[in-house]
Amino acid sequence: MDNTILGVSDFIALTNQTLEYAFSSVAVEGEVSGFKVNQGKYVFFDLKDKTGSVGCFMTVWQLRTPIEDGMKVIVSASPKLTDWGKFSLTVKAIRPSGEGNLKRSFDLLKSKLEAEGLFTPERKRALPELPNRVAVISSTQAAGYADFIKIINDRWGGLDVDVAHVQVQGSEASDQIVRALKYFNTQEQLPEVIVLIRGGGSLDDLSAFNDEVLVREIASSRAVTLVGVGHETDTTLADLAADVRAATPSNAAQLLVPDKKEIIRHAQQRVEGARLQVIREIDRSREVLGGKLEAVLGAIQRQQIAQHTKLEYKKQVLAGLNPEKVLARGYAIVRGDLQAGAEIEIETKASIAKAEVKNVKSKA
Amino acid sequence: MSKAKPSITQKMKELDELLTWFDSDDFELEKAVDTYKQAEELVRAIENDLMEVKNTISVVSERFDREKE
C-alpha cells in the first residue's frame, strides 16, 4: 500500500469504503450548532461538544422532530468523506437527548401542528357506541396491552379484534406504528376504531409518539382513532391528534366497550320500568272503569228516586180520590134515580140507608 | 335461506325500540303485556349472549418492522 499511488477520487472512494466497513452506522451525541435547511430539502448542522465539532447532513424527510441550535441530540449516522474532501456525518435519524431537549422539541412540534389545526376539537369523531370490529396497534408483549385485552374481555363480548404487533419504543417504533396505521386504513373492511396503546415510560421512552410523521398519520386516519399512551399524567402529540384520548391503555378499553354487567343491569331496570308502567296503566284503566260504573249506578239510583217520587205523588192523588176519604169528611153517596117517589140508597161513612125521594127541584 | 342470527348490537337496538314504545303515543294497554314479554325475553337473550360470547383476538400476520416491498 505504501508504494501505491492513488488518484484523489480513488483515495476518497477508498476512504469511504474503509469508513463504511469500520463505522457502517454510529450513534453520536452532541450539541447542534449552525442548523440550517437549504432549498427546503437539505439540512446542515454541526454537532459539537467541548472540544470537537463535526459537520452533519440529512434530508428534511428524515427530520421527524424539530431541532434547533443549542439542542443536545443523538444522531444515527454514517461517516463520509465528501468529493471536496470535507468529512461529515450523513444522518439517518436524529432525536433530542435529555428531558429538557425532548420537552423543547415537543413544544416546538406541538405549536407547529396546533397552528395547522391538527388538534382542533372540530376534527374529533366520536367512538361507535357498540363497536363490532376494532384494530389494535401495540406491542403484544407490553403490560399495557395485556391490561387492555383483559379489560375488554371482562367488559364485553363478540368483538373482532385485529392486533398489529409493533415496537412501541426506540428509533424503529414510530415507523412501525405508521405502517400499521396505513395497513388498517387500507383494509377493504375498515375497522370501526383503531386503538393505539402503550404503557407508561419516561419522556424518552414515549418520544416515538411525538414523531411528526406518526402524528400526521393519526390525524389523517380514515378509521376513528383511540390513543392511550403512558400514564394519566403523560401527554403525547399522538394523544392530541387522536379522535379520542385515553389516559392509559386500561382507560382505552373502558372507553372502547361498555361494561356488559352494567348494560344488563340497565336493560333489566328499563324492562322493570316498563312492567311498572303496564301495572300503572291497568290501575288507571281500572280507575276509569270504576268511575264509569259509579256514574252508571248513580244515574240508575237517581232514576229510581225520581220514579219513586212520582209514584208517591200519584199515590197521594189517588188517595185523595178515594170515596171512603170523602165519606169520612161527612159526605154521602146517593145511588138511584133522583125523581119523586123513587127509592134511593144513601151511603155514609158508617152506614147505608134506603130512602124515598119526595121532591126534586133544580138548583138553577 | 336461513335468517342470520341477530348480533348483540341488533338485539340491543330492538330492545331500545320496544322500550321506547312504552313511552310513545302508540302505547296501547292491549299490546303492552305482549310487548313487555318480548322485551323481557330479549333482555334474557342479550344477557346470555354477553355472558357466553367471547371476543375474537387475532394478531395479524403482516410485519411492520420493514417497508413493504
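Residues numbered from 1 in each chain as written. Chains lettered and ligands numbered in written order. Predicted model: local features only at pLDDT ≥ 70, side-chain atom pairs only at ≥ 80, totals over all residues. Heavy atoms only, no water.

Trainee: Describe the pattern of salt bridges, and please don't skip the residues or the numbers.
Mentor: All names here are of chain A. One pass over the full model with this rule turns up 24 salt bridges over all chains. Among the salt bridges present, the one from Glu212 reaches Arg216, with a minimum N-O distance of 3.0 Å. Taken together, the residues span about one helical turn, with Glu212 and Arg216 both in helix H5 (residues 212–219) at a distance of four residues. Where salt bridges share partners, they join Lys112, Glu116, Glu212 and Arg216 into one cluster. (Salt bridge = Lys/Arg side-chain N within 4 Å of Asp/Glu carboxyl O. Helix = DSSP H or I, 4+ residues; strand = E, 2+ residues; numbered from the N terminus.)

Trainee: A description of the layout of surface pockets should follow, citing residues and the corresponding values.
Mentor: Residues and elements named next belong to chain A. There is about 630 Å³ of room inside the largest pocket. What lines the largest pocket is a set of 27 residues, among which Ile94, Arg95, Ser171, Ser174 and Asp211 lie closest to the centre. For the lining of the largest pocket, the elements supplying multiple residues, two or more each, are strand S4 (72–81), strand S5 (87–96), helix H2 (99–115) and helix H4 (173–185). The biggest single contributor to the lining of the largest pocket is S5, with five residues. Among the residues forming the lining of the largest pocket, the class breakdown is nine nonpolar, 10 polar and eight charged. (1 Å grid on protein atoms, 1.4 Å probe; cavity = no way out; pocket = protein on both sides within 12 Å on 5 of 7 lines; lining within 4 Å. Points joined across faces, edges and corners; volume = space filled by probe spheres on them. Nonpolar A, V, L, I, M, F, W, Y, C, P; charged D, E, K, R; others polar.)

Trainee: Which residues make up the domain arrangement of chain A, and what are the values?
Mentor: Here the domain parsing of chain A yields domain 1 (8–98), domain 2 (132–258), domain 3 (273–321) and domain 4 (324–356). One C-alpha centre belongs to domain 2 of chain A, the other to domain 4 of chain A; they are set 127 Å apart. (Domains from an automatic or database assignment.)

Trainee: Requested: an account of the nonpolar core, with residues and values cited.
Mentor: If you look at the biggest cluster of nonpolar residues, it comprises 46 residues, and the most contacted ones within it are Phe148, Ile152, Val195, Leu226 and Leu256 of chain A together with Leu15 of chain B. Beyond its immediate sequence surroundings of up to four residues, Leu256 of chain A is in contact with Leu127, Pro131, Val134, Phe148, Ile152, Val193, Val195 and Leu226 of chain A. Among the nonpolar cores identified, the runner-up in size contains 35 residues, and Leu118, Tyr183, Ala208 and Ala242 of chain A belong to it. (Core = buried A, V, L, I, M, F, W, Y, C linked by side-chain atoms within 4.5 Å. Buried < 20%, exposed > 50% of the residue type's maximum accessible area, 1.4 Å probe, protein only. Contact = heavy atoms within 4.5 Å.)

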